[in-house]
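What the coordinates show
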Amino acid sequence: MADFVPNTDSRPVEQHEPLEVHLGRSPLGGPLRQVVDEGRLLVVKRGLQDLNAFEPLRRAILLAAAETLSADAAQALEHKGIEALHTVADVEQAMALRTRLETVLRPISERAGRAFAAAAAPGGRHIYLSRHFGVRTMLPHHVVARRTDLGPLAGFLVPTGPHVDSWFNTTLNSVNLWIALGRVRPGNGLLVYPELYRAPVRRAGYEVAPDQHLGTPVRFTLDPGDILLFSGDHVHASETNTTDETRFVLTRRISVAAPKYSPEGTGWVPYDDPRLRGALSPLASLRSRTTAAYARHLIRTALRRAPSYEGARRNTKLPTEGA
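Residues numbered from 1 in each chain as written. Predicted model: local features only at pLDDT ≥ 70, side-chain atom pairs only at ≥ 80, totals over all residues. Heavy atoms only, no water.

Some remarks on helix α1 (residues 29-37)
Every buried residue of α1 is listed here: Gly 29, Pro 31, Leu 32, Val 35 and Val 36. Directly after α1, the chain includes Gly 39, whose backbone phi takes a positive value near 75°. (Buried < 20%, exposed > 50% of the residue type's maximum accessible area, 1.4 Å probe, protein only. Helix = DSSP H or I, 4+ residues; strand = E, 2+ residues; numbered from the N terminus.)

What about the nonpolar core?
Counting residues in hydrophobic clusters, the biggest one holds 57 residues, and the most contacted among them are Leu 85, Leu 105, Phe 116, Val 175 and Leu 229. Among the elements that line this core, the one with the most residues is helix α3 (residues 54-68), at 7 residues. Aside from chain neighbours lying at most four places away, what touches Leu 229 is Leu 32, Val 35, Arg 40, Leu 41, Leu 42, Val 44, Phe 116, Val 175, Asn 176 and Leu 177. With 14 residues, the next largest nonpolar core counts Val 43, Val 192, Val 218 and Ala 323 among its residues. (Core = buried A, V, L, I, M, F, W, Y, C linked by side-chain atoms within 4.5 Å. Contact = heavy atoms within 4.5 Å.)

Regarding the packing of aromatic side chains
Inspection of the entire model under this criterion finds 3 aromatic pairs. Taking the centre distance of 4.6 Å and the plane angle of 50° together, the rings of Trp 268 and Tyr 294 count as tilted. Linking Trp 268 in the loop between β11 (247-256) and β12 (271-272) with Tyr 294 in helix α10 (residues 292-304), this pair joins segments that are 26 residues apart in sequence. Taken individually, Trp 268 and Tyr 294 each receive the classification buried, so the pair is uniform in this respect. It is Arg 136 that lies over the ring of Phe 156; its NZ or CZ is 4.2 Å from the centre. The ring of Trp 167 has Arg 203 lying over it, and the distance from NZ or CZ to the ring centre is 4.2 Å. (Phe/Tyr/Trp six-rings, centres within 6.5 Å; stacked < 30°, edge-to-face > 60°. Lys NZ or Arg CZ within 6 Å of the ring centre and 35° of its normal.)

A closer look at the confidence of the model for the protein chain
On average, the protein chain scores 88 in pLDDT, and the residues at 70 or more come to 89%. Ignoring residues within four places in sequence, the model shows residues 1-15, a span with pLDDT below 50, making 35 contacts including any to other chains. (pLDDT = per-residue confidence, 0-100.)

Side note on the pairing of strand β9 (residues 227-231)
Burial analysis of β9 places 5 of its 5 residues in the buried class, the great majority of the element. In β9, alternate side chains face the same way, and those of Ile 227, Leu 229 and Ser 231 on one face and Leu 228 and Phe 230 on the other are all buried. Where strand β5 (residues 174-180) and β9 come together, 5 bridges link them in antiparallel fashion. In the sheet register, Ile 179 faces β9, and the bridge partner there is Ile 227. (Pairing = 2+ DSSP bridges.)

Here's the deal with the pattern of salt bridges
Here the structure, examined in full by the defined rule, presents 19 salt bridges. Across the salt bridge formed by Asp 233 and Arg 198, the nearest N and O atoms sit 3.0 Å from each other. Here Asp 233, found in the loop between β9 and β10 (235-238), pairs with Arg 198, found in the loop between β6 (190-193) and β7 (203-204); they are 35 residues apart in sequence, far enough to count as distant. We classify Arg 198 as partly exposed; its relative accessible area is 45%. One salt bridge in this structure joins Asp 273 and Arg 275, with 3.0 Å as the shortest N-O distance. Assessed through its relative accessible area of 8%, Asp 273 is described here as buried. Exposure remark for Arg 275: the relative accessible area of 57% places this residue in the exposed category. (Salt bridge = Lys/Arg side-chain N within 4 Å of Asp/Glu carboxyl O.)

A short note on the environment of His 16
Following the sequence through the fold, His 16 ends up in the segment before β1 (19-21). By relative accessible area, which is 21% here, His 16 ends up partly exposed. Put simply, His 16 and Leu 42 are 26 residues apart on the chain and 9.9 Å apart in space, counted from C-alpha to C-alpha. Those residues in contact with His 16 that sit more than four places away from it in its chain are Leu 41, Pro 194 and Val 218.

What to know about the pairing of β5
Most of β5 sits inside the fold, with 7 of its 7 residues counted as buried. Because side chains alternate across β5, one face comprises the buried residues Ser 174, Asn 176, Trp 178 and Ala 180, and the other comprises Val 175, Leu 177 and Ile 179, equally buried. Where β5 meets β11, 7 bridges bridge the pair, whose relative direction is antiparallel. Considered in β11, the bridge of Ile 179 is made with Leu 250.

Here's the deal with the packing of helix α6 (residues 91-104) against helix α7 (residues 106-120)
Two elements in contact, α6 and α7, have axes whose closest approach is 5 Å; the angle formed by their N-to-C orientations is 50°. Classified by the interaxial angle, the pair formed by α6 and α7 is oblique. For the pair formed by α6 and α7, the contact residues are Leu 101, Glu 102, Thr 103 and Val 104 on the first element and Arg 106, Pro 107 and Ile 108 on the second. (Axes fitted to C-alpha atoms, helices over the stretch in contact; angles between N-to-C directions. Parallel < 35°, antiparallel > 145°, perpendicular 65-115°, else oblique.)

Right, dumping it as structure tokens:
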């Protein structure tokens, strides 16, 4: 598996350092708007704790570890921290646990997402919640370095190269909620390239072209429960995990105002109005479904059902996304 080596320069990036805020102490309306309009990087300190979601998520992880791995493994993770996952599970077991957590943690994360939207809605402006949900257990590089079969899990178990989310199924006005469940520090985190925000970027398939100048990346130090917010239009990538800790992160996305999809996107994921629940829940994704992107999604779905699609799919490299 090839390492991703960023193409950087030495220019200072102090102006791109993230702004730190706390839910309930600082109004998020202005900063959240800046995340989309100006590419601002925002860290909500102890965001999961303020949303009363950190402990439910932690307990659910330990319970899933006991069921998927063993009771001893779960006890070790409780004692050492979930960053020690690679010390109690091999790659296949880590893959199985990550898959299990995609189901187990989703409802808790959805409740937290609705609570975040209610706390952060700027001046009554609608915030829509994407149904995207990712569990990213990025194992140390020395654990996965010799594996050549993990490409489909790029961004979730192993690193992914520089990309822009709207090239896939994310809206143009999306904000990534990159949620630290374990420690994140330089060496096992995320790289964001602010100098390319909404700038013309040369592509090579579904990643940035190798000869594209990226500029100096911003790296992050996050404590468990911190939430990093950044625009999906930022070029970003996984950092090769050179530490001896598993990076444990959840990702959700929101759309600030009505969802707007890129005509170049390769997929479609609905964004829901979090206020429409219960009997009104079938209408929650209406704004997403009244878009050209949804029409393209329907056409792609119909084509996939055609008999000729399976043969073509075998000869096509399908895109992945994430960090």
